[in-house]
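# Residue-level structure breakdown
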Amino acid sequence: KEGYGQDLEVRLRDLHARLRSKRYRHQPIRRVHIPKGQGKTRPIGISAFEDKLVQDVLREILEAIYEQDFLDCSYGFRPGRSAHDAVRTLDRVVHRGEVNWILEADIVSFFDSVDRTALVEMLQTRIADGSLLRLIGKCLHVGVLDGEEHRRPDLGTAQGSVLSPILGNVYLHYVLDLWFETEVKPRLRGRATLLRYCDDFVIGFEREDDARRVMALLGERLGRFGLPLHPDKTRLLPFRRPPAGQRRGKGPATFDFLGFTVYWERSRMGRWRMGCKTQSARLRRAVESVHDWCRCHRHLSVQDQHAALGRRLRGHFNWPAYVSAHHDELLRSKAFSAISSGRLLTESRTAPAAAVVAERAGSMMALTVLHRARTQRTTMFFATATALASMRLSSPPLAWEANRSAPSLWGSADTAAAGWALPTTSPWAGAA
């Protein structure tokens, strides 16, 4: 990237000339494998920087064409839509009683299974420009460099490519979304809702017979386009609201969707509602990653540790934090029970997570965290406690408590080196 930036104007003019004269050639994609849990790896394709520029331009053109065609059930990699929106929609339809059965589906290696011939035919229904189709074909039919082996696969789009998400959305728009909305729903006896985030989707049904009919047809429909369903991860499960008189036990089932485990829980008022929590495996990996980072970077300054921990924790909560009408209440209750007992602050692996949960729950909970950190002198907790304080400086009581806690945890010299300017006077001083 840095090398391409040298003489950037000359390079861009040369690229433009090659595109206009149809002399542009996409370089082979370098494939790397990243761990994904249970000893498995996920293949990721990395394109050259110049090829990424071309793919990004094609993505913008395709988005302008297809955004008006995509249905409301599609949420993945679309402007103004996110995984949170998909989960909120699921919460609404469950709350209205439209979902009593859930069809949880998993497509095996979706990006590696896309039929390129069928994809090009789908693109031709909306795109008549032969030059544009030819350029998309150059990005599709490209070699893959996996270690020292060079291959030219006939199927799939490179996962990790800039262009792959929009091409995947186009493919499933015709294969799944339109089929479900135009052919399946009109033939159902009850209500049904499809929620799809790229290749991850669930279908909620009001009636069991509708759910079983669609499940019998879904594998055949996707199989016609080269998309096999995972036999163990594709299942039909009941998700009816438990009876109001049920005081004990749990809901009928749980399922995973977009990194969440979805289940039934009781509110403080005793009513049943849909609950969401981060999948246990993903949460475990995130906490272990923060723990390993803390162990390997204790030599850094307090300011650097504070900044790095803050980025990691905010990134974690920006993805799996499900924001709904009852989410703040849930955070407060769980954070109070965990932090007030002192369990989380005595374990180095869970202390950072406890701090961010408390910060999201509000200023009073943050005061509790800082008080526990000061009284227990939890050394592994100092960087996260300061990150928490800096995010809540708008609260005078918290800022004053942070100033009291900081010297007792790591000393006034480190506090000054970090550049904090916290008040030294109690916000209650002089109050009548």
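Residues numbered from 1 in each chain as written. Predicted model: local features only at pLDDT ≥ 70, side-chain atom pairs only at ≥ 80, totals over all residues. Heavy atoms only, no water.

The subject of this paragraph is the overall build of the chain. A count of helices and strands for the chain gives 17 helices and 11 strands. Classification of the 432 residues of the chain by burial places 46% in the buried group. Of the roughly 22,400 Å² that the chain leaves accessible, carbon and sulfur atoms contribute 51%. (Helix = DSSP H or I, 4+ residues; strand = E, 2+ residues; numbered from the N terminus. Buried < 20%, exposed > 50% of the residue type's maximum accessible area, 1.4 Å probe, protein only. Areas by Shrake-Rupley, 256 points an atom, 1.4 Å probe, with all protein chains shown as cover.)

Let us look at a positive patch on the surface. On the surface, a cluster of positive charge is made up of Lys36, Lys40, Arg42, Lys233, Arg282, Arg284 and Arg285. If you list the elements that add at least two residues to the positive patch, you get strand S2 (40-46) and helix H10 (280-296). At three residues, the largest contribution of residues to the positive patch is made by H10. As for its placement among the helices and strands, arginine 42 is situated in strand S2. (Patch = residues over 30% accessible without salt bridge, like charges linked within 9 Å, V, L, I, M, F, W, Y side chains within 5 Å. Salt bridge = Lys/Arg side-chain N within 4 Å of Asp/Glu carboxyl O. Lys, Arg positive; Asp, Glu negative; His and termini not counted. Charge placed at Lys NZ, Arg CZ, Asp CG, Glu CD.)

Another aspect to go through is the sheet that holds strand S3 (residues 101-106). The four strands are arranged S6-S7-S3-S8 in an open sheet whose pairing can be described as antiparallel. The sheet is open, and its two edges are formed by strand S6 (192-197) and strand S8 (235-238), each paired on a single side. The average undirected angle you get between the axes of adjacent strands in this sheet is 20°. Contacts between helix H9 (residues 208-223) and the sheet are confined to S3, strand S7 (200-205) and S8, with S3 contributing the most and set at about 15° to the helix. (Pairing = 2+ DSSP bridges. Axes fitted to C-alpha atoms, helices over the stretch in contact; angles between N-to-C directions. Contact = heavy atoms within 4.5 Å.)

Assignment of secondary structure puts arginine 221 in helix H9. There is no salt bridge for the buried arginine 221, and the closest opposite charge comes from glutamate 183, which lies 5.2 Å off by N-O distance. Of note is the side chain of arginine 221, whose polar atom sits 2.8 Å from the backbone oxygen of valine 175. Setting aside residues no more than four positions away along its own chain, arginine 221 makes contact with Tyr174, Val175 and Trp179. (Polar contact = N/O pair within 3.5 Å; in protein donor to acceptor, adjacent residues only side chain to side chain.)

In this section: unusual backbone geometry. Of note in this structure, phenylalanine 77 is not a glycine but carries a positive phi near 55°. Structurally, phenylalanine 77 is set in the loop between helix H3 (49-66) and helix H4 (83-95).

We now examine empty space enclosed by the protein. One pass over the structure, following the stated rule, counts two cavities of 30 Å³ or more. The space that makes up the largest cavity amounts to roughly 70 Å³. As for the largest cavity, its lining consists of Ile29, Gln55, Arg116, Cys139, Leu140, Gly156, Thr157, Ala158, Ser161, Leu163, Ser164 and Leu167. At the level of elements, helix H7 (130-140) and helix H8 (164-184) are the ones that each hand at least two residues to the lining of the largest cavity. (1 Å grid on protein atoms, 1.4 Å probe; cavity = no way out; pocket = protein on both sides within 12 Å on 5 of 7 lines; lining within 4 Å. Points joined across faces, edges and corners; volume = space filled by probe spheres on them.)

Turning to the packing of H3 against H8, a few remarks are in order. Running from amino to carboxyl end, H3 crosses H8 at an angle of 30°, the nearest separation of the two axes being 10 Å. Viewed along their axes, H3 and H8 adopt a mutual orientation that is roughly parallel. Along this stretch, H3 crosses H8, giving a crossing that reads as left-handed. Note on element contacts: H8 touches H3 through Ile166, Leu167, Val170 and Tyr174, opposite Arg59, Leu62, Glu63 and Tyr66. Taken together, the residues of the contact of H3 with H8 sort by class into six nonpolar, no polar and two charged. (Parallel < 35°, antiparallel > 145°, perpendicular 65-115°, else oblique. Left-handed = near helix turned anticlockwise from the far one by under 90°. Nonpolar A, V, L, I, M, F, W, Y, C, P; charged D, E, K, R; others polar.)

A word on the environment of glutamate 265. Looking at where glutamate 265 falls in the secondary structure, it is placed in strand S10 (residues 260-266). Note on glutamate 265: relative accessible area 10%, which makes it buried. On a C-alpha basis, the gap between glutamate 265 and glycine 275 in space is 5.8 Å, while along the polypeptide they are 10 residues apart. Polar side-chain contacts of glutamate 265 include one of 3.3 Å to the side chain of tyrosine 263.

With that out of the way, let us pick up the packing of aromatic side chains. This structure, assessed with the given rule, holds seven aromatic pairs. Between the aromatic rings of tyrosine 171 and phenylalanine 225, the centroid separation amounts to 6.4 Å while the plane-to-plane angle is 90°, which identifies the pairing as edge-to-face. On the criterion of sequence distance, the pair formed by tyrosine 171 in helix H8 and phenylalanine 225 in the loop between H9 and S8 is long-range, its members being 54 residues apart. One exposure class covers both tyrosine 171 and phenylalanine 225, and it is buried. Of the aromatic side chains, those joined through ring pairs into one cluster are Phe239, Phe255 and Trp264. For arginine 81, the ring lying beneath its charged end belongs to tyrosine 75, and the centroid distance is 4.7 Å. Here lysine 277 stacks its cationic end above the ring of tyrosine 263, 5.4 Å away from the centre of that ring. (Phe/Tyr/Trp six-rings, centres within 6.5 Å; stacked < 30°, edge-to-face > 60°. Lys NZ or Arg CZ within 6 Å of the ring centre and 35° of its normal.)

Moving on to the layout of surface pockets. Considering only enclosed or pocket space, the largest pocket measures out at about 1,700 Å³ in volume. Every residue lining the largest pocket is counted, 44 residues in all, and those nearest its centre are Lys36, Arg42, Asp106, Lys233 and Arg282. Breaking the lining of the largest pocket down by element, the ones donating at least two residues are strand S1 (29-37), S2, S3, helix H5 (110-113), H8, S7, strand S9 (255-257) and H10. Considering only residue class, the lining of the largest pocket consists of 18 nonpolar, 11 polar and 15 charged.

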